[in-house]
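Observations on chain architecture
Listed here are the chains, written in short residue letters.
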Amino acid sequence: MFKYLKNDLPASIVVFFVALPLCLGIALASGAPLFSGLIAGIVGGIVVGAISGSQIGVSGPAAGLAVIVLAAIASLGFENFLVAVVIGGAIQILLGVLKAGIIGYYFPSSVIKGMLAGIGIIIFLKQIPHAFGYDSDYEGDLDFFQLDGGNTFSALGDMFSYISPGAVVVSVVSLGILLLWELVLVKKSNFFKIVPGPLVAVVFGVLFYLLIDPSSNFKIAQDHLVTVPVPDNASDFIGQFSFPNFAAITNLQVWITGVTIAIVASLETLLCVEATDKLDPEKRVTPTNRELFAQGTGNIVSGLIGGIPVTQVIVRSSANIQSGAKTKLSAIVHGFFLLSSVILIPTLLNKIPLAVLAAILLVVGYKLAKPALFRQMWRLGKSQFLPFIVTVLGVVFTDLLMGIGLGLAVGITVILIKNYQNSHFLHIEKKDDGSHLVKMTLAEEVSFLNKGAILKELNELPKDTLLELDVTKTIRLNYDILEILDDFAYRAKDKNIDIKLISDKGVVHNPKSFTAFFMEKRGSAA
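In what follows, the accompanying structure is described. (Residues numbered from 1 in each chain as written. Predicted model: local features only at pLDDT ≥ 70, side-chain atom pairs only at ≥ 80, totals over all residues. Heavy atoms only, no water.)

1. Digging into the packing of helix H2 (residues 34-51) against helix H12 (residues 288-304)
Orientation of H2 relative to H12, taken along the N-to-C sense of each, is 140°, at an axis distance of 9 Å. H12 is crossed by H2, and the crossing has right-handed handedness. Together, Ile-39, Ala-40, Val-43, Val-47, Val-48 and Ile-51 of H2 and Arg-290, Glu-291, Phe-293, Ala-294, Gln-295, Thr-297, Gly-298, Val-301 and Ser-302 of H12 make up the contact between the two elements. A class-by-class count of the residues in the contact of H2 with H12 yields nine nonpolar, four polar and two charged. (Axes fitted to C-alpha atoms, helices over the stretch in contact; angles between N-to-C directions. Helix = DSSP H or I, 4+ residues; strand = E, 2+ residues; numbered from the N terminus. Left-handed = near helix turned anticlockwise from the far one by under 90°. Contact = heavy atoms within 4.5 Å. Nonpolar A, V, L, I, M, F, W, Y, C, P; charged D, E, K, R; others polar.)

Listed below in structure tokens is the structure:
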């Protein structure tokens, strides 16, 4: 695991700086203590990272669960809610044992790519106001509609009334550092590969905040800085931990919340696993059942010590991949960085401008939603592009799970249409005597989904037709189709239609019963 330390250590620093404000922001949006978000980030890094089979995935508190957590804390109270988190984790472990992780493989590639692109667009749009010094929207929010009644686009308009010159300078210089580091300096020397550009950008941001004259227009306001809880002493630090009230375990609402957390967290995790595996340059495959076990263990630990639920999260995972991480060591070390920093240097962390972190996330967002990806999906054709673009729009304008659901629905519809079209091949010839020769070749597998297409073709056959029905390659023929063929054979006499059935058993003229024929064929094949 330490073989790629030179790759994993710089990546873990980048993920640490990305994760820090997200942990705090998601806790804030969830109505939970800020420290509970940090606990979830630490557990997601150390506990889940150690158990997980994913080499590049990073876990922590997820924005997709914020609404569920907010409602649950309001109705149950925080200590009772923690019992639900523990229950949710136990259910996830059970799902892993039952091998439910296979669900993740049933999402089309076009939908997963649409999810990544949609999240990339959201990250980019959501970070622009932070880059200008306008922080009405909390870090980690991925929903189009905000808690204050605004939306992603209205925030972009509102920010022009609250521009902070200091934040703009920090954002622009930080972006310059990041781009210079990645495009130029890393190619010049190994030193620039070991020292990550985001760390240099953060150092610049802290120095800018400390050195700028407080009376200057470029002074960065206190509310535009990272806000980590600062304990006065060791007992004060320990006092930030909360513990579940297990007396509430008989409360039905606690169990309902636990089941909800387990289902939503598991689904988000499996989607993110599929997405991160696609981003992995080495194309490794994460064992999904083990991932559910790891996430369940993480949620049990997080709930026991006062943390909000964890899932694998695409923002931190993509930042990890883009920073060159090779193994799970990066995720684990980022968890230790979170733990040690909140113990040793919380005051220093509170001097990091959000504009620096916005610059880092702007780069992450752009890489997830590169224009080249949209061009690639367009060239693949409608069957790939339609589910992709619907997923992108759904994720951007609703939320993650709704966007995935819309994309999946379109993907299934496209499959059904293709299935409808590809059930058979039809060729019509007209003879000299005015009669018609129609050659219909059925596919290898014909299901009830093809019923409409075949019935339409048969009903439109003209009078005085010879129908050559070729089932030589047909392996499975659904009973619904056999009924259609039997009914057609009965009606064919009225239109003077002769049927010539061609199969691997030979040729049959005007069969009385297709059902009997195929039952006999299946029996002989067996």
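2. As for helix H13 (residues 314-322)
Extensive coverage of H13 is indicated by the burial of eight of its nine residues. Taken residue by residue, H13 has Ile-314, Val-315, Arg-316, Ser-317, Ser-318, Ala-319, Asn-320 and Ile-321 as its buried positions. At the C-terminal side of H13, Gly-324 shows a positive phi close to 95°. (Buried < 20%, exposed > 50% of the residue type's maximum accessible area, 1.4 Å probe, protein only.)

3. Let's talk about the pairing of strand S8 (residues 498-503)
Side chains Ile-499, Leu-501 and Ser-503 of S8 all project onto a buried face; the interleaved residues Asp-498, Lys-500 and Ile-502 project onto a face where none is buried. Bridge count for strand S6 (residues 465-470) against S8 is five bridges, and the pairing is parallel. Bridge pairing in S8 places Leu-466 opposite Asp-498. When S8 meets strand S9 (residues 506-509), the two strands line up antiparallel, connected through four bridges. Opposite Leu-501, over in S9, you have Val-508 as the bridge partner. Between S8 and S9, which pair antiparallel and follow one another directly, the connecting turn spans two residues. (Pairing = 2+ DSSP bridges.)

4. Notes on empty space enclosed by the protein
Within the structure shown, the criterion is met by two cavities of 30 Å³ or more. Among the secondary structure elements, those contributing two or more residues to the lining of the largest cavity are helix H1 (5-29), helix H5 (109-131), helix H11 (252-279) and H13. By residue number, the principal contributor to the lining of the largest cavity is H5, which donates five residues. Across the lining of the largest cavity, the residue classes tally to 15 nonpolar, four polar and six charged. In this structure, the second largest cavity encloses a volume near 30 Å³. Taken together, Val-48, Gly-49, Ser-52, Ser-54, Gly-57, Ser-59, Glu-291 and Gln-312 make up the full set of residues lining the second largest cavity. By residue class, the composition of the lining of the second largest cavity is one nonpolar, six polar and one charged. (1 Å grid on protein atoms, 1.4 Å probe; cavity = no way out; pocket = protein on both sides within 12 Å on 5 of 7 lines; lining within 4 Å. Points joined across faces, edges and corners; volume = space filled by probe spheres on them.)

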